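# Examination of the molecular architecture
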Amino acid sequence: MQNKVKVILGVIGADCHAVGNRILEHAISTAGFEVVNLGVLVKQEEFVNAAIETDAKAILVASLYGHGEIDCRGLRDRCHEAGIGDILLYVGGNLVVGKTDFTAVKDKFIAMGYERVYAPGTLPEEVIEDLMKDMKERGYCA
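Here's a quick rundown of the structure. (Residues numbered from 1 in each chain as written. Predicted model: local features only at pLDDT ≥ 70, side-chain atom pairs only at ≥ 80, totals over all residues. Heavy atoms only, no water.)

### Describing the packing of helix H1 (residues 19-30) against helix H6 (residues 124-137)
Using the following cut-off: Simply put, an axis is a line fit to the C-alpha atoms, just over the touching stretch for a helix, and the angle between two N-to-C directions goes from 0 to 180 degrees. Secondary structure elements are taken from DSSP: a helix is a run of H or I of four residues or more, a strand is a run of E of two residues or more, and numbering for both begins at the N terminus. Angle categories: roughly parallel below 35 degrees, roughly antiparallel above 145, roughly perpendicular from 65 to 115, and oblique for all the rest. Crossing chirality is assigned from the near helix's rotation relative to the far helix, an anticlockwise turn below a right angle marking it left-handed and a clockwise turn marking it right-handed. The criterion used for residue contact is that any of the two residues' heavy atoms lie within 4.5 Å.
Contact geometry for H1 and H6: axes closest at 10 Å, N-to-C directions at 45°. By the angle between their directions, the pair H1 and H6 is classed as oblique. Seen from above, H1 lies across H6 with right-handed handedness. Across the interface between the two elements, Ile23, Leu24, Ala27 and Ile28 from H1 touch Pro124, Ile128 and Leu131 from H6.

Following this line, the structure appears as structure tokens:
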């Protein structure tokens, strides 16, 4: 990509799982995106503020400790309130506690306003493929 599309990446809430976050950062950067990695223990406000400050086109949220449903609820509303309601929201990881059918989990997060929801163990290549497709559809890259 000539003009690199900026994306925000981070692990939300009280979650401190950093390894997958770093792997995603490397893979997405290598694919040609400019990644602003907020790291771990990121509050919703930090995602929104970083997206505004950098003119990012997507926010990629990870949650591995099972409380993603709680931590991610309301992020789309915060984006609307901040004037970036059309930003792409992706989320992935161990989003709920316990064994839950992923289709139900995905439906729940789609209803919360996330465009893409990834199951535990999703490979970075799938995220990158979706990111490229969504960016092209929105005209952010060729």
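Structure's up, so let's keep going.
### A short note on the packing of aromatic side chains
The cut-off we apply is this: Only rings of Phe, Tyr and Trp enter the pairing, Trp through its six-membered ring, and a pair is recorded when the two centres are within 6.5 Å. The plane angle decides the type: under 30 degrees is stacked, over 60 is edge-to-face, the rest tilted. Only protein chains enter the calculation, and the probe is 1.4 Å; a residue is then buried if its accessible area is under 20% of its type maximum, exposed if over 50%, and partly exposed in between.
One pass over the structure, following the stated rule, counts 2 aromatic pairs. An angle of 55° between the planes, with centres 6.0 Å apart, marks the rings of tyrosine 90 and tyrosine 118 as tilted. Of this pair, tyrosine 90 sits in strand E4 (residues 88-93) while tyrosine 118 sits in strand E5 (residues 116-118), placing them 28 residues apart in sequence. Taking the relative accessible area as the measure of exposure, tyrosine 90 reaches 1% and is therefore buried. The interplanar angle of 65° and the centroid separation of 5.8 Å between the aromatic rings of phenylalanine 109 and tyrosine 114 together place this pair among those described as edge-to-face. Look at phenylalanine 109 and you get buried, because its relative accessible area is 0%. On the accessibility criterion, tyrosine 114 (2% relative accessible area) is buried.

### Some words on H1
Filter applied, for reference: By definition here, a helix of n residues has an expected span of 1.5 Å times n minus one.
Helix length check: H1, at 12 residues, gives a terminal C-alpha distance of 17 Å against a target of 16 Å (1.5 Å per residue), a fit within 8%. Three or more residues of H1 are buried, namely Asn21, Leu24, Glu25, Ala27 and Ile28. Contacts made by the buried residues of H1 are with strand E1 (6-11), strand E2 (34-37), strand E3 (58-63) and H6. A positive phi of about 110° marks glycine 32, the residue just after H1.

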